[in-house]
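# Observations on chain architecture
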Amino acid sequence: MPQLYNETPTVRKRKIVVQYWPPMNKKIKAKVVGATGYGGLGIIDLLLRHPCAEISALVAREDAGKRISDVYPHLAGFCDMPIHAADDPAVQGAYDVVFFSTPDRVGMADAKAELAKGAKVIDYSGDFRFTTLAAYQDYATRLGKDPQHLSPELLGTNVYGMPELHRAEIARANLVGNPGCFATSCILGLAPALKAHLVNPHGLVCDCKSGVSGAGKKAKPQFHYPERCEQINAYRLSGHQHVCEVERELGLQAGEDVTVIFTAQVLPISRGILSTLYGDLTQDVTEADVLDIYRKFYAESGFVRVLPSTAAVGTMSVRGTNFCDIVVSVDARTRKLRIVSIIDNLMKGQAGQALQNMNVMFGLPENTGLNQPGMYP
Ligand SMILES: NC(=O)c1ccc[n+]([C@@H]2O[C@H](COP(=O)([O-])OP(=O)(O)OC[C@H]3O[C@@H](n4cnc5c(N)ncnc54)[C@H](OP(=O)(O)O)[C@@H]3O)[C@@H](O)[C@H]2O)c1
């Protein structure tokens, strides 16, 4: 019999789970690259509370030599592990899982070596969100980055890490590209409508707003407090890099090409994404019909909560959680479907989804270590 762990089943009633990871008595050993950034900190925080995993190595450049609790004092007594440079012999061992919470082009350089040592790899950047070189190059070009992929031979072995849409492939994968944060909110918000051919697949509108932490930890002039605290701005109107993921994933659901107009905006809040999504209805439906379609689509996906238009939810409803709250409404007057899709960009948009992927890759219940209501207000 495998070792059983007693994570209290369960505050939420949806899934009562018994948790194990073979082999017996062995915890999943995790290495976090980019440990000092927001996504690295997020996965550290989650792994500390995970019953079947432990943090074995932390890697970053600037703070190498310090303890992680020197960089983030709130971790003192919970995680005081040293941070190592990537080439430090202390972090060249074999790990069960390696999280690359790093900018584009870091994971693509180093994932191969980790995979060769037997690790499963979860990369947060765009490096492994695309399974063909041409698709990667389209993405990189939009970002103004070098279109040459450093490990093109790995493309095709990777899986897009959105368990709600690719659960079975993720379970078999060794290499997962964690989705973009805006993309997560748009794809989860529109996938059921496209699958059911409820909306015209062209000209879908994605009006997306993010908290400032979406830009990561490093200080930049436009994120200086006086310029940030009372400002809302749109950016990258000429082509946001997440459009490629959104159109591909929604196209897979629709079975045909999909086009979206996508507007990314930054709000003066720390964390959270709220995307308002519009599509032209192809048929006369009521809100009750749409709720039914969405609830059936997500019947096996405990992290998606489908809500009626009267729901009083906002970014605070999902803060610090892996939930995606989807509010459904039908505007009969303009014959449009309107979906409000809300996530925490650092959780379902980043570290939470990465841990959800780890759970699926290791055969654990998907909500292991993630089953929490968050912090309100
Ligand atoms: N923030 C979000 O809401 C969000 C959501 C979804 C996905 N993402 C993606 O997640 C990844 C991490 O984002 P983040 O917001 O957590 O960024 P971040 O706060 O800036 O952290 C980046 C981390 O990577 C390290 N790093 C930077 N360049 C490196 C290099 N060349 N080699 C090794 N380590 C390097 C940094 O430390 P050193 O510079 O000291 O090495 C830091 O620890 C990015 O790919 C981002 O696009 C972010």
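Residues numbered from 1 in each chain as written. Predicted model: local features only at pLDDT ≥ 70, side-chain atom pairs only at ≥ 80, totals over all residues. Heavy atoms only, no water.

## A few points about the pairing of strand S1 (residues 28-33)
Regular strands show a simple pattern: their side chains alternate between the two faces of the sheet. In terms of burial, S1 is a largely internal element, five of the six residues being buried. For S1 and strand S2 (residues 53-59), the ladder comprises six bridges, and the chain directions are parallel. Paired with isoleucine 28 across the bridge in S2 is alanine 53. For the handedness criterion, the β-α-β arrangement of S1, helix H1 (residues 38-48) and S2 is classed as right-handed. (Buried < 20%, exposed > 50% of the residue type's maximum accessible area, 1.4 Å probe, protein only. Helix = DSSP H or I, 4+ residues; strand = E, 2+ residues; numbered from the N terminus. Pairing = 2+ DSSP bridges. Right-handed = clockwise from strand over helix to strand, strands pointing away.)

## Side note on the pattern of salt bridges
Counted under the stated rule, the structure contains 20 salt bridges. Put simply, glutamate 54 and lysine 29 hold a salt bridge, and the shortest N to O gap is 2.7 Å. Here the residue glutamate 54 occupies a position in strand S2, and lysine 29 occupies one in strand S1, the gap between them amounting to 25 residues. The class for glutamate 54 is partly exposed, based on a relative accessible area of 31%. Judged by relative accessible area, which is 33%, lysine 29 ranks as partly exposed. When the shortest N-O distance is used, the salt bridge between arginine 142 and aspartate 138 registers 3.5 Å. Here arginine 142 and its partner aspartate 138 are both found in helix H4 (residues 133-143), four residues apart, which amounts to about one turn of the helix. (Salt bridge = Lys/Arg side-chain N within 4 Å of Asp/Glu carboxyl O.)

## Remarks on the domain arrangement of the chain
The domains assigned to the chain are domain 1 (28-179 + 349-361) and domain 2 (182-346). Here the C-alpha centre of domain 2 lies 25 Å away from the C-alpha centre of domain 1. Roughly 2300 Å² of surface becomes buried between domain 1 and domain 2 when both sides are summed, with 56% attributable to carbon and sulfur atoms. When the area that domain 1 buries against domain 2 is broken down by residue, the three leading residues are Tyr38, Arg142 and Leu165, summing to 28%. At the junction of domain 1 with domain 2, the criterion picks out two salt bridges. The salt bridge involving glutamate 62 is made with lysine 218; its shortest N-O contact spans 3.8 Å. (Domains from an automatic or database assignment. Buried area = accessible area lost by both parts, 1.4 Å probe.)

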